[in-house]
Amino acid sequence: MSMIVRRLSRAATAGLVAAAALTAAAHSAEAADTLGSAAAGQGRYFGTAVAASHLGESDYAATLDREFSSVTPENEMKWDATEPSRGSFTFTSADRIVDHAQSQGMDVRGHTLVWHSQLPSWVSPLGAQDLRTAMNAHINGLMGHYKGEIHSWDVVNEAFQDGGSGARRSSPFQDKLGDGFIEEAFRTARAADPAAKLCYNDYNTDGVNAKSNAVYDMVKDFKSRGVPIDCVGFQSHFNSNSPVPSDYRHNLQRFADLGVDVQITELDIEGSGSAQAADYTKVVEACLSVSRCTGMTVWGVTDKYSWRSGGTPLLFDGDYNEKPAYGAVLSALGGSGGPGDPGDPGDPGDGASCTATYTRTADWSSGYNGQVTITAGAEPISSWTATVTLPAQQSVSSLWNGTPTWSGNVMTVRPSWNGTLAAGASTSFGFTAAKNGSDAAPTVGTCTAS
Ligand code: G3I
């Protein structure tokens, strides 16, 4: 009963959603200085995965709301989150994301209805007929609740094996229902919400290979037989082991040529600096050069919450500063106002800069005192951040005139009271370190200012 009430109330808001989206589009025409507005200028959306648990963090929400025009719940619409026990649906966290997105005029991608992972334990033991019934009920439950509110659904996720065979992946669905489960899921999904685009989504299908060939053959077969499929999602999780393929664009185009839209659904690229920026440029340019590539989604707002946080694969660092990759994406989308450009709302500070220098101010057999001097550049600054890497053996016992956070032996220091500096002015922080057998000097890394 309560679910029916929610369904009606969600459906009743759908008109407001459309109005909000129009407002956002109108706004975007004014200034292409954010990812979402620049992508809108190219007729695309630019989205991000979102976790409901971070929406209360003001910098997270501010960056999300400013930059993105579409969201994908990172985990909150998955089977274990939405139907933890059979027939009992919980939408609290997913609703939180959808409500937030709608309040900001953002679209929502639905992720994901049928997937072998993040399945609650009650699903796997079901017999074939029961599993079929449960799968269809799950699709109907999710798509019914959000009817009219999701622009694209990942109906089936990751149903093909990696490696050279192009075979289907073993899963409760594949093992008990056979190849036909995918077709059945798409047919059920079309009936549940005829307005939603229905996508097949997978990884390691970004270039031409045995796995993408197998997906290609399935999509071709679906189109020839009238099985309802509208789009294919290319997750695009890249790193040095799995770089952006040289035939990425060609692969997107060959799927588009089958008569489906293509979407980049979970983009992240491990790395940093100009190399990471160049890879992001390749991906954006590939999408823009395929007319049926309707949008891109990065798999998270900030490096610190990425599923691959150690690889710093996203567009904003852990302090929500724009990385070079952000500027590259914005520029590839035809926008302006990337890092360093005057008036960029996400810049650490227009023209703000600083330098950091280290000196040893006291020394004794077992330890020393170090001092790092921060000097503002040609413009006044209101805050600074400096990194100091200590030799592995050494440890810091106290630090003054700064606030440290640690990652291994890297100390990131921010002001305690001394953030504001006139152009060219200096301040310093100091620390006491134990040598523990190493007399080597620490290394001072970048200084960033706002
Ligand atoms: O929320 C719980 C927390 O309460 C608990 O303390 C903690 C302990 O492990 O786990 C937390 O849940 C984790 C959840 O992410 C939220 O952070 C799960 O363990 C963890 O398994 C889950 O990982 C997600 C992963 O899918 C699961 O397969 C990632 O966030 C999510 O980014 C990732 O996304 C997938 C796509 O759905 C499909 N394509 C690949 C992509 C990356 O793996």
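Now for a look at the structure at hand. (Residues numbered from 1 in each chain as written. Predicted model: local features only at pLDDT ≥ 70, side-chain atom pairs only at ≥ 80, totals over all residues. Heavy atoms only, no water.)

### With respect to the environment of Asp-317
Then comes step 1: Mapping Asp-317 onto the fold places it in the loop between β9 (293-298) and α13 (324-332).
Then comes step 2: Those residues within four positions of Asp-317 in sequence are excluded, and the remaining contacts are Thr-302, Asp-303 and Lys-323. (Helix = DSSP H or I, 4+ residues; strand = E, 2+ residues; numbered from the N terminus. Contact = heavy atoms within 4.5 Å.)

### Looking at the sheet that holds strand β16 (residues 426-434)
Within a sheet, adjacent strands bond to each other through the backbone by hydrogen bonds, running parallel or antiparallel.
Then comes step 1: With antiparallel pairing, the four strands of this open sheet are ordered in space as β10-β11-β16-β13. Strand pairing shows two members of the sheet lacking a second neighbour, β10 (354-364) and β13 (395-400), which therefore form its edges. The average undirected angle you get between the axes of adjacent strands in this sheet is 25°.
Then comes step 2: Two strands pair when backbone bridges link them, and β13 and β16 are joined in this way by five bridges, in the antiparallel orientation. Looking at β16, one finds that Ser-398 is bridged to Thr-432. (Pairing = 2+ DSSP bridges. Axes fitted to C-alpha atoms, helices over the stretch in contact; angles between N-to-C directions.)

### Side note on the nonpolar core
Then comes step 1: Grouped together as the largest cluster of nonpolar side chains are 94 residues, with contacts concentrated most on Phe-46, Trp-153, Val-156, Phe-186 and Leu-315.
Then comes step 2: Sequence-distant contacts of Phe-186, that is, excluding residues within four places in its chain, are made with Val-155, Val-156, Leu-198, Cys-199, Tyr-200, Phe-222, Val-227, Pro-228 and Ile-229.
Then comes step 3: Ala-352, Ala-356, Ile-374 and Phe-431 belong to the second-largest nonpolar core, a separate cluster that totals 21 residues. (Core = buried A, V, L, I, M, F, W, Y, C linked by side-chain atoms within 4.5 Å. Buried < 20%, exposed > 50% of the residue type's maximum accessible area, 1.4 Å probe, protein only.)

### A closer look at the state of the cysteines
Then comes step 1: The full count for this structure, using the stated rule, is three disulfides.
Then comes step 2: Between the sulfur atoms of Cys-287 and its disulfide partner Cys-293 the distance amounts to 2.0 Å. Looking along the S-S bond of the Cys-287-Cys-293 disulfide, the torsion reads about -100°, which is the left-handed sense. Each member of the pair, Cys-287 as well as Cys-293, carries the same accessibility label: buried.
Then comes step 3: Once the disulfide-bonded cysteines of the protein chain are ranked by sequence position, their pairing pattern turns out to be 1-2, 3-4, 5-6. (Disulfide = S-S within 2.5 Å.)

### Some points on the packing of helix α7 (residues 128-145) against helix α9 (residues 180-192)
Then comes step 1: Packing of α7 against α9 brings their axes to within 9 Å, and their N-to-C directions diverge by 35°. Crossing hand, α7 versus α9: right-handed. Of the residues in α9, those in contact with Arg-132, Met-135, Asn-136, Ile-139, Asn-140 and Met-143 of α7 are Phe-181, Glu-184, Ala-185, Thr-188, Ala-189 and Ala-192.
Then comes step 2: For the contact of α7 with α9, the residue count by class is seven nonpolar, three polar and two charged. (Left-handed = near helix turned anticlockwise from the far one by under 90°. Nonpolar A, V, L, I, M, F, W, Y, C, P; charged D, E, K, R; others polar.)

### What about the sheet that holds strand β14 (residues 403-407)?
Then comes step 1: Ordered in space as β14-β15-β12-β17, the four strands form an open sheet in which the pairing is antiparallel. Edge positions in the sheet fall to β14 and β17 (443-449), since each of these pairs with one other strand and no more. Averaged over neighbouring strand pairs, the angle between their axes works out to 20° when direction is ignored.
Then comes step 2: With five bridges connecting them, strand β12 (residues 384-389) and β17 associate as antiparallel partners. Across the sheet, Thr-385 pairs through a bridge with Thr-448, a residue of β17.

### Concerning the pattern of salt bridges
Then comes step 1: Tallying each qualifying case throughout the model produces 21 salt bridges.
Then comes step 2: Where Asp-439 meets Arg-360, a salt bridge forms, and the shortest distance between an N and an O atom there is 2.8 Å. On the criterion of sequence distance, the pair formed by Asp-439 in the loop between β16 and β17 and Arg-360 in strand β10 is long-range, its members being 79 residues apart.
Then comes step 3: Its relative accessible area of 46% is what places Asp-439 among the partly exposed residues.
Then comes step 4: Residue classification places Arg-360 among the partly exposed residues on the basis of a relative accessible area of 28%. (Salt bridge = Lys/Arg side-chain N within 4 Å of Asp/Glu carboxyl O.)

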